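Report on the structure
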Amino acid sequence: MRFILVLAALMTFQNASASNFAEMVEKAAQGARGEAWAQFTLGMMFANGDDVPKNDAEAVKWYRKAADQNYAAAQFNLGDMYAKGKGVSEDDAEAVKWYTKAADQGYVRAQYNLARAYGTGNGVTQNDTEAVKWYKKAANQGLAEAQFNLAYMYRSGQGASKNDAEALKWYKKAADQGLAEAEGTLGNMYAAGHGVPENDTEAVKWYRKAADQGYALAQYNLAFMYANGHGVPENDTEALKWYRKSANQGLAVAQTSVGFMHMTGVGVPANIEEAFQWYRKAAVQHDSEGQYRIGWMYAAGNGVPENDTEAVKWLRKAAEQGHGPAQAHLAHMYNNGSGVPANYIKAYVWTSMAKAQGNKGGSITMNLTKPKMTKQQTAEAQVLAAKCYRSDYKDCD
C-alpha cells in the first residue's frame, strides 16, 4: 500500500512544474509524520543542487530524518556524507554505523562499502573475515565490484581460505558484467595458469575485452602478447599500438616499452629523441627501467647531449630501486670519475650490489676496481656494502 501511495505522489509531482517540485517534496517531508521517501528526495536535491541551491548541510539534515525512519537509501547516503566530510565533519566510525544499518536491510552499495571499511580498517577494527562476509552479500546481489573484490580475497587467502577455483568463479561473474579490472585479471590468470590451465588465446581474449574499455594495464598486457607472439601471431605494429594507448594513459611500464621500440626501430622507424621522451615520462614516475635508460643515454650522449652529471643522477635513482644494470653502470661512473669524483669504495659497493643480482657488468667493474684499492679501503667498502644491502639500497654512502 505504501508503494502505491509513493508512486501516486511521484506521478502527481511529474505533472508539477520544476519550480513547484521542491516545494511539493518539502511539504511531504515536513512534520512529525513526514514521508521518508520525500525526506530522502529532498536530501538528494540539496546534495545535487536540483531545483534548490546546493547545500550539503541541508542534505545531511534531510538524509538523517529519512535514515531515522529506517530508509535504507538515506542511511547509505548519510554514511557517504560522513565518509567524505560533506555537510558534516568527516567521521569514518559514523559512516560505518550508517552503512551497517543500510547493509542490514540488504542495500547492496552499503554492503560493499561496509566490506571495504572492514578490509581497510577505516572506522572499524580491520577484519578480513567480516570484509569477505559483506563482499559475499553484495556479490550475491550481482554487484560487479563486490564480485571482483571477493575474488581477490579468495585468490590471496585474505579472510577466507585461498581458493583459486572460487576466485575464478567470482572474477568470471564480474567480467561477464563487463568490469574491466576483472577481465584483465582473468587474462592474467589464463596467461600464468593460475587456477586454470594456461591458455594464451584465452588470455588474449580477456585482455582485449578490458583493453577495449580503456583499461591501461590490459592494454599493456595485450601489447606484450602481440610483441611476443603469445596467443596471437607476433605483430610489432599491433604491439606498439596497444603500448602507446596504455602509455598515453600514464602507465610507466608501457611508456618504457614505447621508448624501447623507438630506440630499436621495432614496429616503428628508429627515433632516438622520441625514445628519450618516452623514457623520461616513465622515469619521472619513478620507473627504474626508465631512469636507467635515460641515465645510459646521458652517459653515451645518445639522443641528448652527453652529460655525466645527469647520467649519475638518474642511474643512482634506478640503482636505489634495485635495478641491477643501473647499479653496475653507476659503479662504472664512480670507478672512472665520470660525473662524480672517482671513488673506489662507492664503486666497490655498487658493483657488489649488482653482482648480488647476478649482473655481469658488476663482475667486470669489480675486476677493474678492486686492484686499485688498499686493504683498508676494501675492508671499509665491504662494511658499507653490507649496510647498503641490508637497507635495501637506501644507506649506501
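Residues numbered from 1 in each chain as written. Predicted model: local features only at pLDDT ≥ 70, side-chain atom pairs only at ≥ 80, totals over all residues. Heavy atoms only, no water.

**Topic: the pattern of salt bridges**
Under the criterion given, the structure shown has 16 salt bridges. A salt bridge links Asp-80 to Lys-84; its shortest N-O distance comes to 3.7 Å. In this pair, Asp-80 and Lys-84 are both assigned in helix 5 (residues 72-84), 4 residues apart and thus about one turn of the helix distant. Of the residues examined, Asp-80 reaches a relative accessible area of 16% and is grouped as buried. Of the residues examined, Lys-84 reaches a relative accessible area of 51% and is grouped as exposed. For the salt bridge of Arg-109 with Glu-145, the shortest nitrogen-to-oxygen distance reads 3.0 Å. (Salt bridge = Lys/Arg side-chain N within 4 Å of Asp/Glu carboxyl O. Helix = DSSP H or I, 4+ residues; strand = E, 2+ residues; numbered from the N terminus. Buried < 20%, exposed > 50% of the residue type's maximum accessible area, 1.4 Å probe, protein only.)

**A look at the packing of aromatic side chains**
The geometry of two aromatic rings is summed up by the distance between their centres and the angle between their planes. Overall, the coordinates contain 8 aromatic pairs when judged by the stated rule. A centroid spacing of 5.4 Å and a plane angle of 40 degrees characterise the contact between Phe-40 and Tyr-71, whose relative ring orientation is tilted. Highlighted residues: Phe-40 in helix 3 (residues 36-48) and Tyr-71 in the loop between helix 4 (56-67) and helix 5, separated in sequence by 31 residues. We classify Phe-40 as buried; its relative accessible area is 14%. With 5.7 Å between their ring centres and 35 degrees between their planes, Phe-76 and Tyr-99 make a pair best called tilted. Taken together, the residues span a long stretch of sequence, with Phe-76 in helix 5 and Tyr-99 in helix 6 (residues 92-104) at a distance of 23 residues. Its relative accessible area of 6% is what places Tyr-99 among the buried residues. The ring of Trp-314 has Lys-317 sitting right over it, with the charged end atom 5.6 Å from the ring centre. (Phe/Tyr/Trp six-rings, centres within 6.5 Å; stacked < 30°, edge-to-face > 60°. Lys NZ or Arg CZ within 6 Å of the ring centre and 35° of its normal.)

**Considerations on the state of the cysteines**
Within the structure shown, the criterion is met by 1 disulfide. At a sulfur-sulfur separation of 2.0 Å, the disulfide partner of Cys-388 is Cys-396. Measuring the twist about the S-S bond at about 70 degrees, one finds the Cys-388-Cys-396 disulfide to be right-handed. Side by side, Cys-388 and Cys-396 carry an identical accessibility label, which is buried. (Disulfide = S-S within 2.5 Å.)

**Here we look at helix 4**
The end-to-end C-alpha separation of helix 4 is 16 Å, in line with the 16 Å expected for 12 residues at 1.5 Å each. Buried within helix 4 are the following residues: Ala-59, Val-60, Trp-62, Tyr-63, Ala-66 and Ala-67. (Expected span 1.5 Å × (residues − 1).)

**Quick notes on the environment of Gly-361**
Within the fold, Gly-361 resides in helix 21 (residues 360-369). Separated by 34 residues in sequence, Gly-361 and Gln-327 have C-alpha atoms that sit 8.9 Å apart.

**Comments concerning helix 19 (residues 324-336)**
Structurally, the α-helix is built with 3.6 residues per turn, so residues lying three or four positions apart point the same way. Between its first and last C-alpha, helix 19 extends 19 Å over 13 residues, near the 18 Å set by a 1.5 Å rise per residue. In this structure, the buried residues of helix 19 make contact with helix 17 (288-300), helix 18 (308-319), helix 20 (344-356) and helix 21. Following helix 19 by one or two positions, Gly-337 adopts a phi angle in the positive range, close to 70 degrees. (Contact = heavy atoms within 4.5 Å.)

**Quick notes on the side chain of Asn-77**
Looking at the element boundaries, Asn-77 is found in helix 5. What makes Asn-77 buried here is its relative accessible area of 13%. When neighbours within four sequence positions are excluded, Asn-77 is seen to be in contact with Phe-40, Met-44 and Tyr-63.

**Overview of the confidence of the model for the protein chain**
The predicted model of the protein chain has a mean per-residue pLDDT of 92, with 92% of residues at 70 or higher. Contacts of residues 1-16 to residues separated by more than four positions or lying in other chains number 12 contacts, the stretch itself having pLDDT below 50. (pLDDT = per-residue confidence, 0-100.)

**Overview of the side chain of Thr-185**
Within the element layout of this structure, Thr-185 appears in helix 11 (residues 180-192). Among the residues examined, Thr-185 registers a relative accessible area of 11% and is labelled buried. Residues within four places of Thr-185 in sequence aside, it is in contact with Phe-148, Arg-155 and Tyr-171.

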